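Fold and contact review
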Amino acid sequence: MSGRKNPNEPISNLEIGTVIEVDGTHIVAELDPQITELSLVYGGSIYPIGQFGSIITIHFGARLIFGYVGRLRMKSEYEREKGLNPESSGTARIIEADLFGEGEWTFDDKGWKLDFERGVTTFPLPQQKVYLTPRSELGFIYGEGAGPTILLGEHVGSGGTPCYAEMNDLLGKHTAILGSTGSGKSGTVAAILHSILDRGKDAQHSKWHPHIVVLDPHNEYGTAFPERVRLCTDENTLDLPYWLLDMEETVSLIIGKTEEAATSQTNIVMNALLKARREGAKILGIDENSITVDSPIPYFIGDPYELDELGNKKGARDGARDNEHGLVGAVNSLRPDGADKKKHEGYTKVIRKVESLCRDSRKRFMMKEWDGKNDPLTRIVKQFICDSDHIRIVDLSGVPNEVAGAASSAIARILFSVKLWQTREERERNPVLLVCEEAHRYVPNRGDAQYEAAQDAIRRIAKEGRKYGIGLMLVSQRPSEVESTVLSQCNSWIVLRITNDADRSQVQGILPDSLAGLTKVLSSLRRREAIFVGQAAVLPSRILIRDLVKDGKPLPRSQDIDFDKGWQSDPITDQHLSDVGKRWRSQSREG
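A few points on the structure. (Residues numbered from 1 in each chain as written. Predicted model: local features only at pLDDT ≥ 70, side-chain atom pairs only at ≥ 80, totals over all residues. Heavy atoms only, no water.)

1. With respect to the overall build of the protein chain
Rules: Each helix is a run of H or I in the DSSP string that is no shorter than four residues. Each strand is a run of E no shorter than two, and both are numbered from the N terminus. For the exposure calls, accessible area comes from a 1.4 Å probe over protein chains only, and a residue counts as buried if that area is under 20% of its type's maximum, exposed if over 50%, partly exposed in between. Using the Shrake-Rupley algorithm and a 1.4 Å probe, accessible areas are obtained, with residue cover drawn only from the displayed protein chains.
Counting its secondary structure elements, the protein chain contains 18 helices and 22 strands. Overall, the protein chain is about 100 × 55 × 50 Å in size when its C-alpha atoms are taken along their principal axes. Burial analysis of the protein chain (591 residues in total) assigns 51% to the buried set. Split by element, the accessible area of the protein chain, about 28000 Å² in all, is 48% carbon and sulfur.

2. Digging into the sheet that holds strand β12 (residues 175-178)
Definition in use: Each pair of strands is called paired provided DSSP finds at least two bridges between the two strands. Here an axis means a line fitted to C-alpha atoms, over the contact stretch when the element is a helix, while the angle between two N-to-C directions is reported on a 0 to 180 degree scale.
Read across the sheet, eleven strands follow the order β11-β10-β22-β21-β20-β12-β19-β18-β13-β17-β14 without closing on themselves; strand pairing throughout is mixed. Each edge of the sheet is formed by a strand with only one pairing partner; in this case those strands are β11 (162-166) and β14 (229-232). Each adjacent strand pair in this sheet contributes to an overall mean axis angle of 25 degrees, direction not counted. The pairing of strand β21 (residues 529-534) with strand β22 (residues 541-545) spans four bridges and is antiparallel.

3. Considering the packing of aromatic side chains
What counts, and what does not: The aromatic pairing rule takes the rings of Phe, Tyr and Trp, using the six-membered ring of Trp, and pairs them if the centres are within 6.5 Å, calling planes under 30 degrees apart stacked, those over 60 edge-to-face and the rest tilted.
Per the stated rule, a full pass over the model turns up nine aromatic pairs. Summarising the aromatic geometry, the rings of Tyr 68 and Phe 100 are spaced 6.5 Å apart at their centres and angled 85 degrees between planes, so their arrangement reads as edge-to-face. Of this pair, Tyr 68 sits in strand β6 (residues 63-74) while Phe 100 is found in strand β7 (residues 93-108), placing the two residues 32 residues apart along the sequence. We classify Phe 100 as buried; its relative accessible area is 10%.

4. Concerning the nonpolar core
Condition: By convention a nonpolar core is built from buried Ala, Val, Leu, Ile, Met, Phe, Trp, Tyr and Cys residues, the set being connected through side-chain atoms within 4.5 Å. In what follows, a contact means two residues having at least one pair of non-hydrogen atoms within 4.5 Å.
Among the nonpolar cores identified, the biggest contains 98 residues, and Ile 141, Leu 240, Phe 384, Val 394, Ile 458 and Leu 474 are the most heavily contacted of them. Per element, the largest residue contribution to this core is nine residues, and it comes from helix α11 (residues 401-420). Look past the residues within four positions of Val 394 in its chain and what remains in contact with it is Val 213, Val 214, Leu 215, Asp 216, Leu 231, Leu 238, Phe 384 and Ile 411. With 34 residues, the next largest nonpolar core counts Ile 150, Leu 170, Phe 225 and Leu 548 among its residues.

5. Considerations on the environment of Ser 264
Within the secondary structure, Ser 264 is located in helix α6 (residues 262-284). Considering only alpha carbons, one finds Ser 264 and Tyr 347, 83 residues apart in sequence, at a separation of 9.3 Å.

6. Thoughts on the environment of Ile 11
Tracing the sequence through the fold places Ile 11 in the segment before β1 (15-23). Considering only alpha carbons, one finds Ile 11 and Leu 132, 121 residues apart in sequence, at a separation of 8.9 Å.

7. Description of unusual backbone geometry
Notably, Asn 219 is not glycine yet its phi reads approximately 55 degrees, a positive angle. Tracing the chain through its elements places Asn 219 in the loop between β13 (211-216) and β14. With phi around 75 degrees, Arg 528 is a residue other than glycine that occupies positive phi space. Its relative accessible area of 25% is what places Arg 528 among the partly exposed residues.

8. Remarks on helix α16 (residues 501-510)
Just so we agree on the cut-off: An arc is given here, and it is the one of the directions from the helix axis to the C-beta atoms.
Residues of α16 that are buried include every one of Asp 503, Arg 504, Val 507 and Ile 510, and no others. Down the axis of α16, the buried set is contained in an arc of 125 degrees. They therefore lie on one face. Facing away from the buried side of α16 by over 90 degrees, the exposed positions are Asp 501 and Gly 509. Buried residues along α16 sit against β12, α15 (484-487) and β20 (492-495).

Okay, here's the thing in structure tokens:
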């Protein structure tokens, strides 16, 4: 308490001004004209004046009223805004703040303690003095949250006061992490995930089995979590078979939304898909009349090669009309009679697209034919949900862009479907967190056909996931390009430096009105510095995300290349270019 016998007494050395206007929870105070520097020194600590996110105190009897600084400006500007003729001196300044809580010091056998609570019932009056908040009080104000918490970092300007996030609100009610390239976004995600993994040890839990799935489009997070399970196409560890796709995803894969006569082709795919799934259900001993076109039943692709415009191979229909094999055979069985090629055109286009998908080596992870013997559903789901590994990173960097939407949609839908069909008790035992890095790629606000299925899947998690035990963490460098319906479902935000005007406007639109001043400081935040607001925050805070290097934790792999270091290396050789050419031609980083 820096020598104070009664902490309820105001500290004259921290007095900075006087209240001149009270408008609900918004107050305006004029700075003392004797203050020439925008900082004070007290108890060996430097206290900044007027910094966005700093906390001021107003004494009202034994009660302390706390406000969150949102603005510092010249008084003449304020008077002109009010329609008044400026009467103040040219150097007069005012602070604007929003009241957020109250407290009172109490004394017991353990000493002095500040009983802080959110909300304001006692409002200050004009002419009351305004003080900077001593750091001895900040620890009580920021607190550690009411429930289970994880460490994010420390509050800026608080002398190292830790910043905690309430874990259930952060994960269960969805969170958005937003920031421009180079602001420390990936490091923030890694810091949060490390804190989640460490909570079991920190809280001394006898068991700790978090389930985290990261959609990683740039292969960044593998280095940050050496013990993780990595699922990727390059190593053939990611298995997302075509039969796992639902009707919408299958149509997106085979037809897309730009084809003419897409409706008729959609009907062809739908009818053929149902027939192929029923064939697979019969093989597995599942009642074929109980399944739908979306049921995850394995089916055969069939043979799409060397078929002419009428579905014939070498002049003869490939298979008997009533017993066609796989999806291709089901499409053929639906063809009209006669040799009018125009009437067969839609069927032929579907089969040609299936053929091109099967020939594309980049899509082998998705188009590998079912063996027709075993039911692989459990094995596929186990890739993403398993008790033996806490974090699973899905490296989507090798997935072709035209199927990236369908792949990410299938993963999100697998997670949601598992939670949907679990019992309440089962959901409570193993909630899942889905981290969607580069969210603007998978849930853009544009109507891109290849992302429509992904938008629907992630939108559903955003709207309904909290009821079923699946949390969503959206990460994006371009919040203005993220589908607004999904972004608005987030109840907590960690906003790092944002330099683009459109992105700052988007952030301003989703934050509470009392924090509108936030957007003015976003472009000047340091690396790893962020504004933390929402239900998971004990109170809105300007924070510095924990430094993983100091904590001995590995960082994500940065995508930035060091030109100075790189140009000190040996020149590129012919052998190197030959090796790159092999990988380029085979479309594989391992080649």
